[in-house]
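# Results of the structural survey
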Amino acid sequence: MKASEQFMRRLGLKHPIIQAPMAGTSTAELAAAVSSAGGLGSLGMAACSAPQARAMIERTRAQTAAPFNANVFCHQSVPRDPRREQQWLRHLAPLFEQVGAPLPTELKSLYESFLVDGAMFDMLLEQKPAVVSFHFGLPERERVQALRRAGCYTVATATNLQEAARIEAAGVDAIVAQGIEAGGHRGMFDPALPDEALSTAVLVRLLVRQTRLPVIAAGGIMDGCSIRAMLELGAAAAQLGTAFILCPESAASDNYRHNLKSERASHTRLTAVISGRPARGMVNELIAFADAPGRPEADAYPFAYDAAKQLHAAALKLGKQEFAAQWAGQGAPLAREMPAAELVRVLAEELAAC
Ligand SMILES: Cc1cc2nc3c(=O)[nH]c(=O)nc-3n(C[C@H](O)[C@H](O)[C@H](O)COP(=O)(O)O)c2cc1C
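Since we're looking at a predicted model, the values are computed, not measured.

### Concerning the side chain of Gln239
For Gln239, the position within the fold is in strand β9 (residues 237–240). If near-sequence neighbours (up to four positions away) are discounted, Gln239 is found in contact with Ile18, Ala20, Pro21, Val176, Ile216, Ala217, Ala218 and Gly219.

### Observations concerning helix α7 (residues 161–169)
Of all the positions in α7, only Glu163, Ala164 and Ile167 are classed as buried. In a view along the axis of α7, the buried residues occupy a sector of 100°, so they form one face of it. The outward face of α7, more than 90 degrees from its buried face, is lined by the exposed residues Gln162, Arg166 and Ala169. Looking at the packing, one finds that the buried side of α7 touches β5 (153–158), β6 (174–178) and α8 (200–210).

### A word on the packing of aromatic side chains
What the rule picks out here adds up to 9 aromatic pairs. With 6.0 Å between their ring centres and 40° between their planes, Tyr111 and Tyr301 make a pair best called tilted. Taken as a pair, Tyr111 in the loop between α4 (82–98) and α5 (118–127) and Tyr301 in the loop between α11 (285–290) and α12 (303–317) lie far apart in primary sequence, 190 residues in all. In this pair, the class of Tyr111 matches that of Tyr301, namely buried. One aromatic cluster is present, built from ring pairs that chain together Phe73, Tyr111, Phe136, Tyr301, Tyr305 and Trp327. Here the guanidinium or amino end of Arg143 rests over the ring plane of Phe114, the centre of that ring lying 5.7 Å away.

### Let's talk about the site of the ligand
Pro21, Asn71, Gly220, Gly241 and Thr242 are the nearest of the 22 residues found near the ligand. A distance of 2.8 Å separates a nitrogen atom of the ligand from a polar side-chain atom of Asn71. Between an oxygen atom of the ligand and a main-chain N or O atom of Gly183, the distance comes to 3.2 Å. In the complex, the protein chains occlude 98% of the 600 Å² of accessible area that the ligand would expose alone. Looking at the shell around the ligand residue by residue, the classes come out as 10 nonpolar, 12 polar and no charged.

### Observations concerning the sheet that holds strand β11 (residues 279–282)
Strand-to-strand pairing in sheets goes through backbone hydrogen bonds, with the strands running parallel or antiparallel. Taking strand neighbours across the sheet as the criterion, the 3 strands line up as β7-β11-β10 in an open arrangement whose pairing is antiparallel. Both edges of this open sheet fall to β7 (184–185) and β10 (268–271), since each of them pairs with a single strand only. Bridge analysis of β7 against β11 gives 2 bridges, and the strand direction is antiparallel. Its bridge partner lying in β11, His185 is registered against Ala279.

What counts as what
Residues numbered from 1 in each chain as written. Predicted model: local features only at pLDDT ≥ 70, side-chain atom pairs only at ≥ 80, totals over all residues. Heavy atoms only, no water. Helix = DSSP H or I, 4+ residues; strand = E, 2+ residues; numbered from the N terminus. Contact = heavy atoms within 4.5 Å. Buried < 20%, exposed > 50% of the residue type's maximum accessible area, 1.4 Å probe, protein only. Arc of directions from axis to C-beta. Phe/Tyr/Trp six-rings, centres within 6.5 Å; stacked < 30°, edge-to-face > 60°. Lys NZ or Arg CZ within 6 Å of the ring centre and 35° of its normal. Near = heavy atom within 4 Å. Polar contact = N/O pair within 3.5 Å; in protein donor to acceptor, adjacent residues only side chain to side chain. Areas by Shrake-Rupley, 256 points an atom, 1.4 Å probe, with all protein chains shown as cover. Nonpolar A, V, L, I, M, F, W, Y, C, P; charged D, E, K, R; others polar. Pairing = 2+ DSSP bridges.

Below is the structure:
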């Protein structure tokens, strides 16, 4: 049996199509619509407390009986580094001045890692979503196994062979092969290590040969023909993020949607200046200024994100949206605007016809 057929049968899907978890952009409505249409919808819970994440799961269950994925971030937390923080804030000072906001004296860690969030783990064990996925690393093996014993299918992101080997050794069920084309945060375990920057196609092919686990292709996949190409390379399914941003069910702002439909969509950049970890988004004034040559090292994740969010909030009060994080992959110009269920249907038709 082909990898995709096995994968769909295991999860009860009609199509080998996963709507990527997108913290802040995906919603319960988006996930429910995709899952009801026979794909796998995903909830991005990285910015949620356990009660907020529970509410998101309940809201999704109220709209679909189909399986869906709950996604958490597993980054290694680093302590604040006041020297690096001050250097970064000094670099951003002209932008704070531009929007009339005081320079923060201290940056906060806005994103608690699942590695230290016991309440989130307990909530997932109790709620048992059909799929639980991990980004930026892995929880300890015992937690992975506890979720699996509870009936959750587990998935983790790899950007290279070494991360994939660690995922397999941890007993996780499937691997997301995230290529350099992908929108949003790169799932690399340790952002301090050199990045091979492998493309989705190369990484999928390497992982299909290296591992016996199902490989889910992610990065730059925007239509059914690209999904077909990934399945031909041996992928079990394709995970699409940017393709779903223009769906009316997403939480994307009007400005984000406008930019994604404009010429700006063809200028994405992978940069750590917004959050402190490499992430791909449409180039705006924040990225252009903060990521200019000769810049100091960005503060660590997620402290740098606090600075960017404060800047965006102050700018928004002036009606300026140039400091927003608008993640998008290299395939962004191919994004289509239609309801999520229709997009799944169109993708499935294209896949069949390709
Ligand atoms: C707006 C946005 C937010 C994202 N947030 C998450 C997230 O919360 N968790 C996660 O595992 N991946 C996240 N990703 C990455 C996706 O899982 C996936 O790797 C990526 O979207 C694939 O590339 P594409 O955008 O070209 O389809 C995000 C991507 C985007 C575009």
